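Secondary and tertiary structure notes
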Amino acid sequence: MKYIKTLFLIGIVGSMLGVATLVGIYFYIKPDLPSVDVLKDVRLQTPMRIYTHDGKLISQYGVKRRVPLTLEQIPLTLQQALLATEDSRFYEHVGIDPIGVMRAALNLVVTGEKGQGASTLTMQLARNFFLTREKTYIRKIKEIFIAWHMEQLLTKQEILELYLNKVELGHRAFGVGAAAQVYYGKTVDKLTLAEMATIAGLPQAPSVLNPISRPDRSIERRRIVLLRMLDEGYITREQFNEASNAPVSAKKHGTEVELDAPYLADVIYNEMIEIYGKEEAETGGYHVYATAPYALQKAAQEAVVRNLHDYDERHGYRGPMSVLWEPEPAQIPLSDEALVEALQVVTPIDPLQPAIVVAVGEQHIDVMTLTRQDTLQSRRIEWNGLSWARAYLSDSKQGPDPESASDVASAGQVIWIRKQEGEWRLAQLPVVSGAFVALDPFNGAVQAVVGGYSFYQSQFNRATQAKRQVGSNIKPFIYSAALANGYTVASIINDAPINQWDASTGVAWRPQNSPPEYDGPVRMRYALGRSKNVVSVRLLRGVGLDETVEYLTRFGFEREEIPRDETVSLGSSSHTPLEVARGITAFANGGFLIQPHFISHIKNDDGDVLWHANPPLACDPCDEMIEQRDSNAAQPSSIDETDLEALLAAELNQLGLTQPEQRQKIKADPSEWRSAERVISEKNAYLTADMMRTAVRANGSWTHKTYWLGTGWRARNILGRTDIGGKTGTTNDSRDAWFSGFAPGLVATSWVGFDNMSRQLGRVTRNQNLVNLNPEKYNWIGNALVGVEDGAKASQPAWIRFMQSALEGQEEQPPMIPDGMMRVRIDRATGLLTKRTDHTTLFEYFVPGTEPTQYVLEEDIFDFSDDDAGPVEPEEIF
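Because the structure is a prediction, the values reported are computed rather than measured.

1. A closer look at the overall build of the chain
When its secondary structure is counted, the chain shows 26 helices and 33 strands. Buried positions account for 52% of the 878 residues belonging to the chain. Partitioning the intrachain contacts of the chain with sequence separation of at least 6 by distance along the chain shows that 69% fall at a separation of at least 24.

2. Side note on the nonpolar core
Among the nonpolar cores identified, the biggest contains 88 residues, and Ile50, Leu264, Ile268, Met272, Val288 and Tyr479 are the most heavily contacted of them. No other element matches helix H20 (residues 577–588), which puts seven residues into this core. In this structure, Tyr479 is in contact with Met524, Ala527, Leu528, Lys532, Val535, Ser536, Leu539 and Met691, ignoring residues within four places of it in sequence. With 46 residues, the next largest nonpolar core counts Leu164, Val167, Leu226 and Ala243 among its residues.

3. Description of the state of the cysteines
Within this structure, the stated rule accounts for one disulfide. Through a disulfide, Cys619 is tied to Cys622; the S-S separation comes to 1.9 Å. An S-S torsion of about 85 degrees defines the bridge between Cys619 and Cys622 as right-handed. Cys622 sits in the buried class, given a relative accessible area of 6%.

4. With respect to unusual backbone geometry
For the peptide bond that leads from Asp350 to Pro351, omega is 10 degrees, which places it in the cis range. Following the sequence through the fold, Pro351 ends up in the loop between helix H15 (336–344) and strand E5 (353–360). Pro621 follows Asp620 through a cis peptide bond whose omega is -5 degrees. For Pro621, the position within the fold is in the loop between strand E22 (609–612) and helix H21 (623–633). The backbone of Asp374 sits at a positive phi, close to 60 degrees, despite the residue not being glycine. By the element assignment, Asp374 lies in the loop between strand E6 (364–370) and strand E7 (376–382). Judged by its relative accessible area of 39%, Asp374 is partly exposed. In the Ramachandran plot, Glu421 falls in the positive-phi region, its phi being about 55 degrees despite a non-glycine side chain. Position of Glu421 among the secondary structure elements: in the loop between strand E10 (413–420) and strand E11 (423–427).

About the criteria used
For every chain, the first residue of the written sequence is number 1, and numbering continues from 1 along that sequence. Residue-level local features of this predicted model are given only where pLDDT is at least 70; pairs of side-chain atoms are given and counted only at 80 or more, and the full residue set underlies all totals for whole chains, interfaces and linings. With hydrogens and water stripped out, all remaining heavy atoms of the structure feed into the side-chain values. Note on conventions: DSSP H or I runs of at least 4 residues are helices, E runs of at least 2 residues are strands, and numbering of each starts at the N terminus. A simple rule labels every residue: compare its accessible area, found with a 1.4 Å probe on the protein chains alone, to the largest value its type can have, and call it buried under 20%, exposed over 50%, or partly exposed in between. The contact criterion used is simple: two residues touch if any of their non-hydrogen atoms lie within 4.5 Å. We call a set of buried Ala, Val, Leu, Ile, Met, Phe, Trp, Tyr and Cys residues a nonpolar core when their side-chain atoms join them within 4.5 Å. Cysteine sulfur atoms that come within 2.5 Å of each other are treated as a disulfide pair.

What follows is the structure, given as structure tokens:
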């Protein structure tokens, strides 16, 4: 009995000493213990996601990949798999599992190694949030106390949810949602039992147990997880057997991008870095919505890619990437395994896929490509996909038209192929570059941006960064300056050669039209439509060089980037496509300079709007629109009265300024709307835009010999609309090709050129194979165009293809004529008033006070149908 009492006292003293020691350790390390209160409002590090305006994912940025989920969104089976493996007594302990601690202590005594950490799920979570993975006693003690605190503060469900979203699972995947996407390309609710067990086995050692890096060890670990689930009664023996024998189906998957738009995403990413800093932007879980809608961004990308391929194809085929074997009978083709290896070393560049020619017929070839599972797939390319491929000799010279498939390809060649309009065709990586940008002229929202053929080939964004000479794209601004300084659309300017002597250099400056054709005295409308260079020079002289340079700055062009000489009238200044498009919007929106912006609004992971754009709008005063909106809201309407954007769009549609499908949502309260800067008058904007409409259509009468084509005539012919306008642009020696134009609710600029600015775009001779495919319209658009590459052939087709998609199903919207404009009948040749009503006359609009006051004399009326005029004599200025 005495010994029992002694042992009892020793036990009590030992317990008290243990408690005292534990309390002492707690107070010793307490200053170093982090506060777990932050877990009540924890913000997991989640990557930044960028979406189109209508919510299609286009990119994700961040080192850690995480898909936050609520516990209700995670399948119970997956929860059970993790609990059975990591902490089967999770719901029974208070953060520390005594049984696990004793097991770990026994293991330490027996082996002398810290092999088992006895960490509960709560302790693992404490370590993941607050500690490191180093195996030290002090870290383990801290882990215990933090876990105990967490259990006091959070419910078991909250702890489990945090763990399932926080745990590291390999390949930069954090949380089960990200792991499901990375390894299987699925959401968690679509996972099989075998896949859930694989993921549940990763927390122990994600780098060496994951099914991509070590599939053999992953299978072993999966079996252990399934055994634990079987022991806990979560699955049946049949389920165990089926899941244990399932093949490893994991492979690395990227983010579920719905539209790959890297140029757009990169611009937004860099803006977010500027606003928040790199670490915060990449880990703050921001959901960033672009101003560009899915359909328009996709249309722009497809238009640019198609246009660059068209240019590249009409200039000829540069040959295969490599040759694996020569097509002699003695040569033995490679095995399937060798073909797969040869294709795997070539990285696809969307939409291009590598292929190996295995057979050549009379007018077709058979090729082998790889499937997504890296297996061989046979495809046939018919003659229509080969007939373009005459030999490339230079940018201005092509070889003879091919007559058979053997003129183009041979067995053993590694080539590029791509799909166009449902058919596979021979292809090559374009060496020419392009860019495209589309803006909403009302608020500056970027509706599409494409910086080149492939971001993965070149990350240089030519739409926002490339300063290139704009050529005749400058002319609408020169003509606008002339209108602001007393000229009218009917003013007569002499279209005659100029020889200007420069005494300082001893050289004469001789600007020429392109082509070098001269029509003598012409109206301003005709001159812009035909892009007459010498007329542009004369208008600049009429306005004055300094005045013109100052006028150009109104449209957002930097003064220091504008040459202070007469070449500015021909587009010698260099600007980005975005800068040019921004300037053009002033003609489409009634004279306002808008501010281009790429981000519509930003949300957090909870869906709360953190910021929304509130750009200046092309209205003055904007409160009139608000009043009109309120008036419309009081009337019966099919428009949802809660949708401010729909109301605004309906009002603007009446002005011919916008379309509901292309509108950028304006989230700001209407009282916050503010006016953009007015840079030109509404009447000036209308007249300039109207001249640009002339430039994209056929004009006059063929019968009466007054017929003429604007340089951008293909736009009207193909789109079949009258509510569009634009201007071509080509620099000296065709080094840069431009087209800028507008349609209801859109302004877009297209550019094509080589990154090597000394390289010319060249010229193309006729390929009869391509002509035969569309004999009547082969020179309208596509890879069959012939002649010198210029803005109309090299650049405008991308604009047209974009607008075909953007305007599909949209009714025409006649332009709103500003109040007070005068419409009078004038003589076609002299621009004076006329009493005739025949083909020698036409109606023209004027700003009040600028209309002609004199009538043309009857003997001065020129009937173009009797035209027998000779060549125009040059004008010499010395």
